[in-house]
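# Descriptive structure summary
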Protein chains: 2
Amino acid sequence: MKLPLALVTALLACTAALTGCTTAPMQDAGMTGPLMIAKQGSFFVGGRDAYSENLSTLPIYAAKGTITLDQMYVHYQVPVNARQVPITLIHGCCLTGTTWETTPDGRMGWDEFFVRQGHPTYLIDQVARGRSAANATAFNAAKTGAGAPAALPTVFAAGHEGAWAIFRFGSEFPKVHPGMQFPLEAQGEFWKQMVPDWSASLPSPNPTVPALSQLAMRLQGTVLMSHSQSGIYPFQAAALTPQGIAAIVAIEPADCPAPDGDLKPYLGMPILVLFGDYVDLAPRWAPRLKKCRAFVAAANQAGGRAEIIVLPERGIKGNSHMIMQDRNSLQVAALLDTWLREHVRPQP
Amino acid sequence: MKLPLALVTALLACTAALTGCTTAPMQDAGMTGPLMIAKQGSFFVGGRDAYSENLSTLPIYAAKGTITLDQMYVHYQVPVNARQVPITLIHGCCLTGTTWETTPDGRMGWDEFFVRQGHPTYLIDQVARGRSAANATAFNAAKTGAGAPAALPTVFAAGHEGAWAIFRFGSEFPKVHPGMQFPLEAQGEFWKQMVPDWSASLPSPNPTVPALSQLAMRLQGTVLMSHSQSGIYPFQAAALTPQGIAAIVAIEPADCPAPDGDLKPYLGMPILVLFGDYVDLAPRWAPRLKKCRAFVAAANQAGGRAEIIVLPERGIKGNSHMIMQDRNSLQVAALLDTWLREHVRPQP
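Read on for an overview of the structure. This is a predicted model, so every value here is computed, not measured.

### Points about the environment of B:Phe156
Tracing the chain through its elements places B:Phe156 in the loop between helix 3 (137–144) and helix 4 (160–166). The class of B:Phe156 is buried, set by 26 C-beta atoms lying within 10 Å. Residues B:Phe156 and B:Ala302 lie 146 residues apart in sequence; the distance between their C-alpha atoms is 39 Å. Each residue touching B:Phe156, except ones within four places of it in the same chain, is listed here: A:Leu55, A:Ser56, A:Thr57, A:Leu58, A:Tyr61, B:Pro196, B:Asp197 and B:Ala200.

Printed below as a string of structure tokens:
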């Protein structure tokens, strides 16, 4: 893999002293100075109208009426001189689009990084989370007795203690993996990013999947960059239609397509699966990495262009599950940017 | 009121032909061309840790543990050459920070407008809405039988039909007030902005209030610009401490402070209350405007600097409750910008 000349020095210094990585890439051209935005804004993709008699238990808001559900919020930024492929950033479990914004310890997030590298970015909130409406009518039905409590939607919150191991800060709360690069001193800010997760109450595939497909078609070419829970979504979107999907980049996907399944939808686009460190120490993650390795091998055997990068195998050590917020987050982002430049043709 | 010279021509043309207002202000200096951002990002204000045994009903996520609640999401943008006072934009009922982004019909929102006029902006999601976590543990308690369904939190959704009159698109669904300026052809996109509202399940004052106060102190001077449901929040924040509040601008507040109450907290800062059209035709809104008029009069009598603007009384007609999304939204934003330049000293 070749790195852009402007990044080489900083990244070499960064690799040599991992804990000093946070500011080194900032010295590169485009990484400091004003952010030049040609266009920014937000819109929604998808959505359907639904009638309910359980909108409210308050007299000042009518109980009966129509609401809109299953829409996906998209915030976008197009830099001046956008010469690189657009990237759609898709957060994971119990989180929202904030995943890609400022890191918990106040450094530049991947959203701004990619914009500064010339990529338009499209940052989404999964359906039923964040700024994408959830469906609260079953709660009102249960509250008034019109519905059974057992039929309430499954809405879960990840506690700090349980999330600790899932995010691989350590093997269990509050142990810390040696050399782990997540900025734990700012963990309080990270916990504030977490929100209740409605995904288990939604049909499969998650309505976020057709919304991503619609977005890709609208953009006429975007990388779908997933994280964790959303890892399978870009593959499911490709199975709907490969149209508009310029590449798939799966950051620590919770799932990869079955190696012995229908691989055709994935053969026409470059695919990168990326994992951090300590995976073999994590019972939740080791089998996932194993399945992704098998998928990548099977896809390539079938004529595809898939690749898997496990960061410690490349000498980049200490990454937690929250790679985009780790101390070396911009080093990994630069690696992804380089991979995209090598594998995805820029938009005409 | 004096308008900045650069805006006068466009606004005169705009006032003369209200339905043609959407593009006229865009011709002004700073309103086209790249958006030059010195710094952007997001963070949270407030928040507390809470232990629960009802985090999840799924085996893969622990039921017991600690979550963080009552934090307020803030997304900010500081323009290059930020010479004007920072503005904190606070959305209303059943909505999130999207209120101030791109309008439903795709025009520039107030967030970008104010940034282009030199104001740093801080765009929040109210506590328990959007990217600010809600507390879903009571749902899991009811689902498993650990809690009573009647004790479920009050979470309401505003239906399109009921919201129609609340937002004053017309007297009732689907009637339309003559000359009404909300872009109804894009109402589908507007309904997608709506989310379930947890505010009735929260203590009073809403935890958003102390979070706004903390934000104001952190910024050492910001305008608190509210809308609708959040209208009382800046006043409640001022009652906690006036520190950091450079001014209050209440866009169609659902409530103003009692005219016969303690007015001291509001006397040291410029206050503007702004209402649109058709208010006297709306049983929900007419008494609110009346109370706000009485508050402004009482505050001024007590030595304050409060002002009320009812747009049709200034010759600006047709505004719905969603003034920041109406066809003439940038005309009204320019009026507010001028008011701020006249009443609030820029930051040192």
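That shown, we press on.
### Quick word on the pairing of strand 6 (residues 245–251) of chain B
Side-chain direction in a regular strand flips from residue to residue, so the side chains alternate between the two faces of the sheet. Residues and elements named next belong to chain B. Counting buried positions over the seven residues of strand 6 gives seven, a clear majority of the element. The sheet contact formed by strand 5 (residues 222–227) and strand 6 spans six bridges and is parallel. Looking at the pairing, His 227 lines up with Ile 251 of strand 6. The parallel pair strand 5 and strand 6 is bridged by helix 7 (residues 233–240), and the resulting crossover is right-handed.

### As for the interface of chain B and chain A
Opposite the 58 residues of chain B that make contact, chain A presents 58 residues. Secondary structure elements with two or more residues in the side of chain B that touches chain A: strand 1 (35–52), strand 2 (65–79), helix 3, helix 4 and helix 5 (187–192) of chain B. In terms of residue count, the dominant contributor to the side of chain B that touches chain A is strand 1 of chain B (ten residues). A class-by-class count of the residues in the side of chain B that touches chain A yields 31 nonpolar, 19 polar and eight charged. Two elements, strand 1 (residues 35–52) of chain A and strand 1 of chain B, share three bridges in a ladder whose sense is antiparallel. Bridging from a neighbouring strand, A:Ile37 pairs with B:Leu35 of strand 1 of chain B.

### Looking at the relation of the copies chain B and chain A
Taken as rigid bodies, chain B and chain A are interconverted by a rotation of 180° and an axial shift of 0.0 Å, the fit giving an RMSD of 0.0 Å. Such a combination of rotation and displacement between the chain copies is what one expects of a two-fold axis. Minimal C-alpha separation from the rotation axis in chain B is found for B:Gly130, amounting to 2.0 Å. Interface residue correspondence from chain B to chain A reaches 100%, placing this contact among same-surface, isologous pairings.

The rules behind each value
Residues numbered from 1 in each chain as written. Chains lettered and ligands numbered in written order. Predicted model: local features only at pLDDT ≥ 70, side-chain atom pairs only at ≥ 80, totals over all residues. Helix = DSSP H or I, 4+ residues; strand = E, 2+ residues; numbered from the N terminus. Buried ≥ 20, exposed ≤ 12 C-beta atoms within 10 Å, placed from the backbone. Contact = placed C-beta atoms within 7 Å. Pairing = 2+ DSSP bridges. Right-handed = clockwise from strand over helix to strand, strands pointing away. Nonpolar A, V, L, I, M, F, W, Y, C, P; charged D, E, K, R; others polar. Least-squares fit on C-alpha atoms with pLDDT ≥ 70 in both.

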